[in-house]
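As a plain string of letters, each chain reads:
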Amino acid sequence: MTETIQTAMDRLMTTAAEPQDYIAEDGLLYCGSCNTPKEAFFPNGRMLFGRDRHPAECQCRQEAREKQEEEERARLHHENVRRLKLQGFTDWAMQHWTFENDHGQNPQMHLAQRYVDYWPEMRGKCGETGYLRNAG
């Protein structure tokens, strides 16, 4: 069993080198694209499983991951908006209503737009419910 754990740790602690990557003077593996480290030393000269370094995220990989995470957050947000619209609007035509395509003839739309514009401030006062809390 110890051999299995050691094999798993070796895989986790090893950084895969791409053809353009290189070992710098400090002995760490660097990304050949962004020239930032793909490895880092453990602090205070410590060792873990016989190794003095661990994998690290180079700059271009970090940027790619952050972009992917942002795209996923946006996708989830749009999916949530779509789901809420389906729950809140029973008339199919209402699914596509936006402030941008409002013709300006309904005075209540101004109030709705104002509510949306001040939502972050109102959310702080109302919480998740959307209702003002009792100040007393």
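The structure we're discussing is the one just above.
Every value quoted in this text rests on a predicted model; they were computed, and no experiment measured them. (Residues numbered from 1 in each chain as written. Predicted model: local features only at pLDDT ≥ 70, side-chain atom pairs only at ≥ 80, totals over all residues. Heavy atoms only, no water.)

Visitor: Sorry, what's going on with the overall build of the protein chain here?
Guide: A tally of helices and strands in the protein chain yields 4 helices and 4 strands. Starting at the N terminus and ending at the C terminus, the protein chain contains elements arranged as α-β-β-β-β-α-α-α. Per-residue burial over the protein chain gives 11% buried out of 136 residues. Within the protein chain, counting contacts between residues at least 6 apart in sequence, those at least 24 apart form 22% of the total. In the form shown here, the protein chain has an accessible surface area of approximately 11,200 Å², with 56% of it arising from carbon and sulfur atoms. (Helix = DSSP H or I, 4+ residues; strand = E, 2+ residues; numbered from the N terminus. Buried < 20%, exposed > 50% of the residue type's maximum accessible area, 1.4 Å probe, protein only. Contact = heavy atoms within 4.5 Å. Areas by Shrake-Rupley, 256 points an atom, 1.4 Å probe, with all protein chains shown as cover.)

Visitor: Help me out: how do you make sense of the packing of aromatic side chains in this one?
Guide: The way to describe two aromatic rings as a pair is by their centre distance and the angle between their planes. This structure, assessed with the given rule, holds 2 aromatic pairs. Each ring, one from Tyr22 and one from Tyr30, has its centre 5.7 Å from the other, and the planes form 15°; the classification is stacked. Exposure remark for Tyr22: the relative accessible area of 32% places this residue in the partly exposed category. Ring plane angle 45° and centroid distance 5.7 Å describe the contact between Tyr115 and Trp119, whose orientation is recorded as tilted. (Phe/Tyr/Trp six-rings, centres within 6.5 Å; stacked < 30°, edge-to-face > 60°.)

Visitor: Even after reading the chapter, I still don't get the side chain of Asp21, so can you show me in this structure?
Guide: Mapped onto the elements, Asp21 comes out in the loop between α1 (2-13) and β1 (22-23). In terms of polar contacts, Asp21 uses its side chain to reach the backbone amide nitrogen of Gly32, at 2.9 Å. At 2.6 Å, the side chain of Asp21 and the side chain of Lys38 are in polar contact. Excluding residues within four positions of it along the chain, Asp21 makes contact with Ala16, Leu29, Tyr30, Cys31, Gly32 and Lys38. (Polar contact = N/O pair within 3.5 Å; in protein donor to acceptor, adjacent residues only side chain to side chain.)

Visitor: It is not clear to me how the layout of surface pockets should be interpreted in this structure. Could you clarify?
Guide: Here the largest pocket is characterised by a volume of approximately 580 Å³. Contributing to the lining of the largest pocket are 14 residues, with Val81, Lys85, Phe89, Trp97 and Val116 lying nearest its centre. Elements with a minimum of two residues in the lining of the largest pocket: α2 (59-88) and α3 (108-117). Ranked by residue count, the leading element in the lining of the largest pocket is α2, at 6 residues. Partitioning the lining of the largest pocket into residue classes produces 8 nonpolar, 4 polar and 2 charged. (1 Å grid on protein atoms, 1.4 Å probe; cavity = no way out; pocket = protein on both sides within 12 Å on 5 of 7 lines; lining within 4 Å. Points joined across faces, edges and corners; volume = space filled by probe spheres on them. Nonpolar A, V, L, I, M, F, W, Y, C, P; charged D, E, K, R; others polar.)

Visitor: Help me understand a nonpolar patch on the surface, please; the structure alone is not making it clear to me.
Guide: A cluster of nonpolar residues, Ile5, Leu48 and Phe49, forms a patch on the protein surface that exposes about 250 Å² of accessible area. Tracing the backbone through its elements, the reader meets Leu48 in the loop between β3 (39-41) and β4 (53-55). (Patch = residues over 30% accessible without salt bridge, like charges linked within 9 Å, V, L, I, M, F, W, Y side chains within 5 Å. Salt bridge = Lys/Arg side-chain N within 4 Å of Asp/Glu carboxyl O.)

Visitor: Would you explain unusual backbone geometry in this entry?
Guide: Excluding glycine, residues mostly carry a negative phi; peptide bonds, for their part, are mostly trans. The residue Asn35 is not glycine, and still its phi comes out positive at about 60°. Its location among the elements puts Asn35 in the loop between β2 (29-30) and β3. Positive phi, close to 55°, is recorded for Asn44, a residue that is not glycine. Take Asn44: it is sitting in the loop between β3 and β4. Classification of Asn44 by relative accessible area gives exposed; the value is 71%.

Visitor: Would you explain the environment of His54 in this entry?
Guide: Here His54 lies in strand β4. The class for His54 is partly exposed, based on a relative accessible area of 25%. Between the C-alpha atoms of His54 and Thr14, which are 40 residues apart in sequence, the distance is 7.2 Å.

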